[in-house]
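# Chain and residue survey
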Amino acid sequence: MDVEINPEYTMLKKVNKTLSLSQEQIDILENYNVDYVNCKNLGELIFELEEIFNETGDDIINNLLDVLQERDYYENYKK
């Protein structure tokens, strides 16, 4: 089984001054028409995604939420 590794798709890149996302995450957000470019931080994006998940129960949004919430925790909370 061949697994294609594409770092350009999974590496984080700056979306605006304070938010970095991977192309994979951007594609998901665009698919759901989320205005991620105007989010000031991960917390704001997470809030918007939680609203979408509460309305739809979509597994893709839930998986993205899990990834972003974990990243937000490790990047923004003192341990």
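Residues numbered from 1 in each chain as written. Predicted model: local features only at pLDDT ≥ 70, side-chain atom pairs only at ≥ 80, totals over all residues. Heavy atoms only, no water.

Applying the stated criterion to the full structure yields 2 aromatic pairs. Seen from their ring centres, Tyr-73 and Tyr-74 are 5.1 Å apart, and the 80° between their planes marks the pair as edge-to-face. Ring centres of Tyr-73 and Tyr-77 lie 6.0 Å apart, and the angle between their planes is 25°; on these two criteria the pair is classed as stacked. By relative accessible area, Tyr-73 is classed as partly exposed at 40%. Taken together, the aromatic side chains of Tyr-73, Tyr-74 and Tyr-77 make up a single cluster linked through ring pairs. (Phe/Tyr/Trp six-rings, centres within 6.5 Å; stacked < 30°, edge-to-face > 60°. Buried < 20%, exposed > 50% of the residue type's maximum accessible area, 1.4 Å probe, protein only.)

Here we come to the side chain of Gln-25. Along the chain, Gln-25 falls in helix 2 (residues 23-31). Discounting residues that sit within four places of it in the chain, Gln-25 has contacts with Leu-12, Leu-64, Val-67, Leu-68 and Arg-71. (Helix = DSSP H or I, 4+ residues; strand = E, 2+ residues; numbered from the N terminus. Contact = heavy atoms within 4.5 Å.)

The next point concerns helix 3 (residues 42-56). Every α-helix carries 3.6 residues per turn, so stepping three or four residues along brings you back to the same face. Between its first and last C-alpha, helix 3 extends 21 Å over 15 residues, near the 21 Å set by a 1.5 Å rise per residue. Buried within helix 3 we find Leu-42, Leu-45, Ile-46, Leu-49 and Ile-52. Along the long axis of helix 3, the arc covered by the buried residues comes to 120°, so they all point the same way. For helix 3, the exposed residues set more than 90 degrees away from the buried face come down to Asn-54 and Glu-55. Looking at the buried side of helix 3, the elements it contacts are strand 2 (20-21), helix 2 and helix 4 (59-76). At the N-terminal end of helix 3, a side-chain oxygen is found 3.0 Å from the backbone nitrogen of Gly-43, two or three residues along, and the residue is Asn-41. In the stretch just after helix 3, Gly-57 is the one whose phi turns positive, near 70°. (Expected span 1.5 Å × (residues − 1). Arc of directions from axis to C-beta. Polar contact = N/O pair within 3.5 Å; in protein donor to acceptor, adjacent residues only side chain to side chain.)

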